[in-house]
Amino acid sequence: MNKYLTLLSFTAAAVVATFHPLPRQVCLYKEENFQGARRCFRIKGNLCDAKYGGCHGPWNDKIQSIQFGSRVESIKLFKHSNYVHEYTVLTSDTKILNAAYRDFTSFHVSLW
């Protein structure tokens, strides 16, 4: 590998790690490792909302990673919109969300 390719690889990796959610904020990503399109929320969110394209919109069933800002204790992810049905609770950043949980569309954020 030549030195220019090595530098390019290092620079791309450094750029990826620069974004951090604000305090009391959770960011959802369409790709693993906090990549791709991002939506950040405080307290709660519903990706089936018309603002995000509705239940068949571009965010439904697409969450692949979740990043926590400071002062976020946990996020409760519901399997469906309107905060109903099965759920799971995450307590820290998740670079690769288990495939079984990628279809969650609504959530509550617990703060401390």
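Residues numbered from 1 in each chain as written. Predicted model: local features only at pLDDT ≥ 70, side-chain atom pairs only at ≥ 80, totals over all residues. Heavy atoms only, no water.

A.B. asks: Help me understand the packing of aromatic side chains, please; the structure alone is not making it clear to me.
C.D. replies: One pair of aromatic rings is described through two measures. These are the centre distance and the angle between the planes. In total, this model carries five aromatic pairs according to the counting rule given. Ring centres of Phe78 and Tyr83 lie 6.0 Å apart, and the angle between their planes is 90°; on these two criteria the pair is classed as edge-to-face. For Phe78, a relative accessible area of 7% puts it in the buried group. Residue class for Tyr83 comes out partly exposed when judged on its relative accessible area of 22%. (Phe/Tyr/Trp six-rings, centres within 6.5 Å; stacked < 30°, edge-to-face > 60°. Buried < 20%, exposed > 50% of the residue type's maximum accessible area, 1.4 Å probe, protein only.)

A.B. asks: It is not clear to me how the nonpolar core should be interpreted in this structure. Could you clarify?
C.D. replies: Soluble globular proteins tend to bury their nonpolar side chains together. Counting 17 residues, the largest nonpolar core has Leu28, Leu47, Ile66, Ile75 and Phe107 as its most contacted members. Of all the secondary structure elements, the ones that give two or more residues to this core are strand S1 (26-31), strand S4 (65-68), strand S5 (72-78) and strand S7 (106-111). Per element, the largest residue contribution to this core is three residues, and it comes from S5. Those residues in contact with Ile66 that lie beyond four places of it in its chain are Val26, Cys27, Leu28, Phe34, Leu77, Leu90, Asp93, Thr94 and Leu97. (Core = buried A, V, L, I, M, F, W, Y, C linked by side-chain atoms within 4.5 Å. Helix = DSSP H or I, 4+ residues; strand = E, 2+ residues; numbered from the N terminus. Contact = heavy atoms within 4.5 Å.)

A.B. asks: I keep staring at the sheet that holds S1 and nothing clicks. Help me out?
C.D. replies: Reading across the sheet, the three strands line up as S2-S1-S4 and stay open at both edges, with antiparallel pairing between neighbours. Taken across any chain shown, the strands that pair with only one partner, and hence form the sheet edges, are strand S2 (35-41) and S4. When the angles between neighbouring strand axes are averaged without regard to direction, this sheet yields 25°. With four bridges joining them, S1 and S4 adopt antiparallel strand pairing. Residue pairing for S4: Tyr29 is matched across the bridge by Ser65. (Pairing = 2+ DSSP bridges. Axes fitted to C-alpha atoms, helices over the stretch in contact; angles between N-to-C directions.)

A.B. asks: Help me understand the environment of Trp112 in this model?
C.D. replies: Looking at the secondary structure, you find Trp112 in the segment after S7. With 39 residues separating them along the chain, Trp112 and Glu73 place their C-alpha atoms 5.9 Å apart. What Trp112 contacts, discounting residues up to four positions off in sequence, is Arg24, Arg71, Val72 and Glu73.

A.B. asks: Sorry if this is basic, but what is going on with the sheet that holds S5 here?
C.D. replies: In space, the four strands of this open sheet follow the order S3-S7-S5-S6, with antiparallel pairing throughout. On the outer flanks of this sheet lie strand S3 (44-46) and strand S6 (87-90), each paired with one strand and no other. The mean inter-strand angle of the sheet, taken between neighbouring strand axes irrespective of direction, is 15°. Relative to S6, S5 runs antiparallel, the two sharing four bridges. By the bridge assignment for S6, Phe78 is matched with Tyr87.

A.B. asks: Sorry if this is basic, but what is going on with unusual backbone geometry here?
C.D. replies: Outside of glycine, negative phi angles account for most residues, and trans bonds account for most peptide bonds. With a phi close to 65°, Arg24 is a non-glycine residue in the positive phi region. Relative to the assigned elements, Arg24 resides in the loop between helix H1 (3-16) and S1. The backbone phi angle of Arg71 is positive, close to 70°, even though this residue is not glycine. In this fold, Arg71 is placed in the loop between S4 and S5.

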